[in-house]
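For reference, the chains in residue letters:
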Amino acid sequence: MDELTVEIGGLRTAFVTRDPEVLDVIAGRYAGFLATGAADWRIEVDRRGEGLVDLEDVVVRAAGRLDRLVAERHDFVATLDLPARTGSLSLGAVDHVAVDSFLRVAYSLALLEAGALLVHAASLGRQARSWVFAGPSGSGKTTLTRLSPDATLLSDEISIVRLGDDGGACCYGSPFWGELGEAGRNLAVPLTAVHFLRHADRHATTALAPRRALAALLPNVLFFAAEPALVARVLDVAADLVGRVPCYALGFRPEASVWEAIEGA
Amino acid sequence: MPEAYPVQNPRAAWRVYEGEAVIVSPEDSTLHTLNPVGTLIWQAADGRTALDAIVGRVCETFDVDRATAARDAAAFVELMERRGLLTVHEMPHEPA
């Protein structure tokens, strides 16, 4: 068996497999996120006998115990044992799309325990500070990243925010890209603010009270399991985050001067 | 009128922040936020407490007359039932 470890959001996952093609796909797709040293999670990977199956969306369900989950999509089926931090992944197609889909599900669950969330948001770093820009497709996430050539890209699509022991939070670079087709830098940068994006005629930031910020944040959290205890944990982490980090509604027009509004908030 | 015992859907995830409940619907992950009166009713909906007793708690906690509180509570419970977040039983009911 060979193995390869990736580190995302400060959490290391070792992929263990006899299949060199799987390792090639992972090494190529997550080149900026490969790590050495002891892994937090261990996933055994093989090929799914029946190949692709007819399944439209990701399905995550408990398997006997509430903390042992099965995740399935048309191109993979996986088990995740949350307390043991082990799992299995059977790929219906050995390509980066299937592996990426699995990792989004797996990390949404694995990072939760560490007080971290995957958020449908772009994120950028500047001078040791970072900002998260959340919003649905079309709200301007990729536009904003393109307006920021001097900023460090952490993600244009799926950002990772993690509560820190110091009472603050960090934004981690993410390999999960969107329209930009470019991975973020694998860095952890102190999080300055979360902005909820919308296109507007002029730049304007409006501070959101924690309850409003929580209501704005939750629909943007990427989470696939429906188990009440896990969803309640998402609520806890999200509520903690909006209590720690200032949140704003950001109306902007597509001009680089938006950074004056962002940094001036 | 038969007595009504509302009980929370055990698959709904919820928390109370700043005195107001935030509930995630188990069917479609829709987010519901309740005002303080709704939050009190939601928290009391344990299947063992009659709606009439819950209305009494509402009147003790908020400045509202009993008839208004009873009417509003019945409407709230009906709405939450339609959303799949509460079920109503005619007898005391232990949640699953």
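Residues numbered from 1 in each chain as written. Chains lettered and ligands numbered in written order. Predicted model: local features only at pLDDT ≥ 70, side-chain atom pairs only at ≥ 80, totals over all residues. Heavy atoms only, no water.

1. So, the overall build of chain B
Stated formally: Helix and strand labels come from DSSP, where a helix needs a run of H or I of at least four residues and a strand needs a run of E of at least two; each type is numbered from the N terminus. Two things to know: the radius of gyration comes from C-alpha atoms, and the globule rule equals 2.2 Å times the number of residues to the power 0.38.
What chain B contains, in helices and strands, is three helices and five strands. For chain B, the N- to C-terminal ordering of α and β elements is β-β-β-β-α-α-α-β. In summary, chain B has a C-alpha radius of gyration of 13 Å against a globular reference of 12 Å for 96 residues, a match within 12%. Each principal axis of the C-alpha atoms in chain B carries an extent, and together these give about 35 × 30 × 20 Å.

2. Quick word on the pairing of strand β4 (residues 41–47) of chain A
Residue and element names in this part refer to chain A. Rule in force here: Whether two strands pair comes down to DSSP finding at least two bridges between them.
Pairing geometry for strand β2 (residues 11–17) and β4, over five bridges, is parallel. Within β4, the residue paired with V16 across the bridge is E44. Strand direction decides the pairing type here: β4 and strand β8 (residues 86–91), joined by six bridges, are parallel. The residue of β8 that forms the bridge with V45 is L89.

3. Here we look at the packing of helix α1 (residues 36–44) of chain B against helix α3 (residues 66–82) of chain B
All names here are of chain B. Defined as follows: Axis definition: a line fit to C-alpha positions, over the contact stretch in the case of helices; interaxial angles, taken between N-to-C directions, run 0 to 180 degrees. Angles are sorted into four bins: roughly parallel if under 35 degrees, roughly antiparallel if over 145, roughly perpendicular if 65 to 115, and oblique for all others. For any pair of crossing helices, the crossing counts as left-handed if the nearer helix is rotated counterclockwise from the farther one by less than a right angle, and right-handed if it is rotated clockwise. Note on contacts: a residue pair qualifies if any of its non-hydrogen atoms lie within 4.5 Å across the two residues. Three residue categories are used. Nonpolar comprises Ala, Val, Leu, Ile, Met, Phe, Trp, Tyr, Cys and Pro, charged comprises Asp, Glu, Lys and Arg, and polar comprises the others, including Gly.
Between α1 and α3, the shortest axis-to-axis distance is 11 Å and the interhelical angle comes to 70 degrees. Relative to α3, the element α1 is oriented roughly perpendicular. As for the relative orientation of α1 and α3, their crossing is right-handed in sense. Contact residues: G38, I41 and W42 in α1; A73, F76, V77 and M80 in α3. Its residues placed into classes, the contact of α1 with α3 shows six nonpolar, one polar and no charged.

4. Regarding the sheet that holds strand β5 (residues 59–63) of chain A
The eight strands are arranged β3-β1-β2-β4-β8-β7-β6-β5 (chain A) in an open sheet whose pairing can be described as mixed. Each end of this open sheet is capped by a strand with a single partner; those strands are β3 (34–35) and β5 of chain A.

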